[in-house]
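Working through the structure, step by step
For reference, the chains in residue letters:
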Amino acid sequence: MRDKLFINGEWHLPLKGGRFPVVNPATEEIIADAPAGTAEDINTAVRAARVAFDHGPWPKLSGRERAGYLRAMAARIEERTQDLARLEVLDNGKPLPEAVWDIEDTAGCFRFYADLAEELDANPEEVIPLGDDRFSSRVVREPVGVAGAIIPWNYPLLMAAWKVAPALAAGCTMVLKPSELTPLTALELGAIAEDAGLPAGVLNIVTGLGPDAGQPLSEHPGIDKLAFTGSVPTGSRIMAAAARDIKNVSLELGGKSPFVVFADSDIDKAVEWIMFGIFWNQGEVCSATSRVLVEESLYPALLTRLVEETKKISIGNGLDDGTLLGPLVSKGQYDKIHAMIERGVSGGARIATGGKRPEGLQKGYFLEPTILTDMSEDNIVWREEIFGPVVCVKPFRDETDAIRMANDSRFGLAAAVMSDDLDRCERVARAFKAGIVWINCSQPTFTEAPWGGYKQSGIGRELGKWGLSNYLEVKQITAFDKNETWGWYLK
């Protein structure tokens, strides 16, 4: 495990020498002491990224040349899939097969943006038709500059890739600040960049606590673009910091995503997708379909079946064979979710199953997968993001009622609909106020497709070509024909 910050292509102890513990959520044991960067380290990292962008070769390289580095990083990630996945489990708690999937997706993300970097060479500019033949105009895309990225703890290395890969493909340099709860694989990404020969200062990684490292990064005047994934309150503070200097900002925030199930749905498929939509990754997923709306005639049977199948989910250490649900990431998250369940119950919700520590697991931040029912639409568990293995289930009368309930939220990240009537699915999908919509499924995510939400779920889109656009500025270049005369002053 790395125990230093990665700045300007080298490994450095924090200038103030601090460290913070990293805890295995399955055992509550300290597995590492990570370097605690502060404002001074952020300043050093931003200076390195600034020099690398303003005076280094990186933004001047061709897309093909940058793609070579990205592919080299992808290859090294792929070679280390098993040890990186194991480290992710120790740090985050998720089941090992899920972590392996994450690492494979991380390598794929770097390869995808390597391809898009090469496409920048193939389409360097766009000619704009004008109404005056004396002028010619074209648009070029240029890297925005130095990017600051702050990432969450639910998919530690994959969330880093979602920002690092497109930024580097575009020609930006970056300072990356991972979550203090899961810093270990982000530091390994520094070693991977070093091994791939990435030029000094192009990628800098500073671990540390939010107020000590994240806030100074978001407020640093040397940053041209801020990219953040996390909670709405933190996103709001980052947006306010960006406003002071009018910085380019993209935010991927929370969600309280609905899953509408109509009565003509196959009950087995519905139950499987509901469970995947909320219990995958312990429900620590911004897009988790945590509000399930079921047509009244199907509601009793589906709820009974959902409770039966949920009780069968195997809970345990993510490194144990057969585990489908690992621990929550931290004691803070564990306590927060228990408090939310208690508030929901005191407000009228009923626990259909779960809601407590599993028997036989006295250590670790484990919570049984939980189904809540009978809550009102103004109950906190129905309206606010819980970010854990807790699903709220309510019946609806008809299509109009389902759409109203689904859209009655300050969030708009994702939504799902299930029905054998594909015309109805299409109508409902179009009616959802959400940036990501699934039909007859929930949660499949592809690097090629845009990711982001409406309303308080964020600003901008990640992934696909949209993710690359986050890190590109658009410049108009218009020329006047030297053989023509303008005639405003000179006659």
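Residues numbered from 1 in each chain as written. Predicted model: local features only at pLDDT ≥ 70, side-chain atom pairs only at ≥ 80, totals over all residues. Heavy atoms only, no water.

Describing empty space enclosed by the protein
- Within the structure shown, the criterion is met by 3 cavities of 30 Å³ or more.
- Estimates place the volume of the largest cavity at around 90 Å³.
- Lining the largest cavity are 16 residues, and of these Pro258, Ala406, Phe411, Gly412 and Lys433 sit closest to its centre.
- Mapped onto the lining of the largest cavity, the elements with two or more residues apiece are helix H13 (399-407), strand S17 (411-412) and strand S18 (414-418).
- Grouping the amino acids of the lining of the largest cavity by side-chain chemistry returns 8 nonpolar, 4 polar and 4 charged.
- Its volume calculated, the second largest cavity comes out at about 60 Å³.
- What lines the second largest cavity is simply Gly255, Ile278, Gly283, Val285, Cys286, Ala288, Ser290, Glu385, Ile386, Phe387, Gly388 and Val390. (1 Å grid on protein atoms, 1.4 Å probe; cavity = no way out; pocket = protein on both sides within 12 Å on 5 of 7 lines; lining within 4 Å. Points joined across faces, edges and corners; volume = space filled by probe spheres on them. Helix = DSSP H or I, 4+ residues; strand = E, 2+ residues; numbered from the N terminus. Nonpolar A, V, L, I, M, F, W, Y, C, P; charged D, E, K, R; others polar.)

A look at the nonpolar core
- The biggest cluster of nonpolar side chains holds 94 residues, and the ones touching the most others in it are Phe110, Tyr113, Leu176, Leu189 and Leu203.
- Residues within four places of Phe110 in sequence aside, it is in contact with Leu70, Met73, Ala74, Ile77, Ala161, Val164, Ala165 and Leu189.
- One finds Ile380, Trp382, Val428 and Ala434 within the second-largest nonpolar core, a separate group that totals 30 residues. (Core = buried A, V, L, I, M, F, W, Y, C linked by side-chain atoms within 4.5 Å. Buried < 20%, exposed > 50% of the residue type's maximum accessible area, 1.4 Å probe, protein only. Contact = heavy atoms within 4.5 Å.)

Observations regarding the side chain of Asn204
- Along the chain, Asn204 turns up in strand S9 (residues 203-205).
- Taking the relative accessible area as the measure of exposure, Asn204 reaches 0% and is therefore buried.
- At 2.9 Å, the side chain of Asn204 forms a polar contact with the backbone oxygen of Gly201.
- Setting aside residues up to four positions removed in sequence, Asn204 forms contacts with Phe6, Ile7, Asn8, Ala45, Ala48, Ala49, Met174, Val175 and Leu176. (Polar contact = N/O pair within 3.5 Å; in protein donor to acceptor, adjacent residues only side chain to side chain.)

A closer look at a negative patch on the surface
- Taken together, the side chains of Asp266, Asp420, Asp421 and Asp423 present a region of like negative charge at the surface.
- The residue Asp423 is located in helix H14 (residues 422-431) in this model.
- A relative accessible area of 58% places Asp423 in the exposed class. (Patch = residues over 30% accessible without salt bridge, like charges linked within 9 Å, V, L, I, M, F, W, Y side chains within 5 Å. Areas by Shrake-Rupley, 256 points an atom, 1.4 Å probe, with all protein chains shown as cover. Salt bridge = Lys/Arg side-chain N within 4 Å of Asp/Glu carboxyl O. Lys, Arg positive; Asp, Glu negative; His and termini not counted. Charge placed at Lys NZ, Arg CZ, Asp CG, Glu CD.)

Observations concerning the pattern of salt bridges
- All chains considered together, the criterion is met by 32 salt bridges.
- Among the ionic pairs, Arg76 bridges to Asp195, the shortest N-O distance being 2.9 Å. Highlighted residues: Arg76 in helix H2 (residues 63-79) and Asp195 in helix H6 (residues 184-195), separated in sequence by 119 residues.
- A residue is classified by how much of its surface remains accessible, and Arg76, at 25% relative accessible area, is partly exposed.
- Taking the shortest distance from any N to any O, the salt bridge between Arg383 and Asp408 comes out at 3.3 Å. One end of the pair, Arg383, is in helix H12 (residues 380-383); the other, Asp408, is in the loop between H13 and S17, and 25 residues separate them in sequence.
- Classification of Asp408 by relative accessible area gives partly exposed; the value is 32%.
- Through salt bridges with shared partners, a single network forms among Arg2, Arg80, Asp83 and Glu188.

Overview of the layout of surface pockets
- Taken as a whole, the largest pocket holds about 1,100 Å³ of empty space.
- Trp153, Phe228, Gly230, Ser231 and Thr234 are the residues nearest the centre of the largest pocket, which is lined by 49 residues in total.
- For the lining of the largest pocket, the secondary-structure elements that each account for two or more residues are strand S3 (19-24), helix H7 (210-219), strand S10 (225-229), helix H8 (232-245) and helix H11 (331-346).
- Here the residues of the lining of the largest pocket sort into 26 nonpolar, 13 polar and 10 charged.
- Approximately 520 Å³ is the volume attributed to the second largest pocket.
- Contributing to the lining of the second largest pocket are 24 residues, with Asp105, Leu158, Gln443, Pro444 and Thr445 lying nearest its centre.
- Of all elements in the fold, only helix H4 (96-122), helix H5 (156-170) and helix H9 (267-279) reach the threshold of two or more residues within the lining of the second largest pocket.
- The element best represented in the lining of the second largest pocket is H4, accounting for 5 residues.
- Grouping the constituent residues of the lining of the second largest pocket by class yields 14 nonpolar, 7 polar and 3 charged.

Things to note about H11
- Given a rise of 1.5 Å per residue, 16 residues ought to cover 22 Å, and the 22 Å separating the end C-alpha atoms of H11 matches this to within 8%.
- Every buried residue belonging to H11 is among Gln333, Tyr334, Ile337, His338, Met340, Ile341 and Gly344, and all of these are buried. Looking down the long axis of H11, one finds its buried residues gathered within 155° of arc, a one-sided arrangement. In H11, the exposed residues that point more than 90 degrees away from the buried face are Glu342, Arg343 and Ser346.
- On its buried side, H11 packs onto strand S14 (350-353), strand S15 (370-373), H12 and strand S16 (390-396).
- Positive backbone phi, at 115°, marks Gly348, one or two positions downstream of H11. (Expected span 1.5 Å × (residues − 1). Arc of directions from axis to C-beta.)

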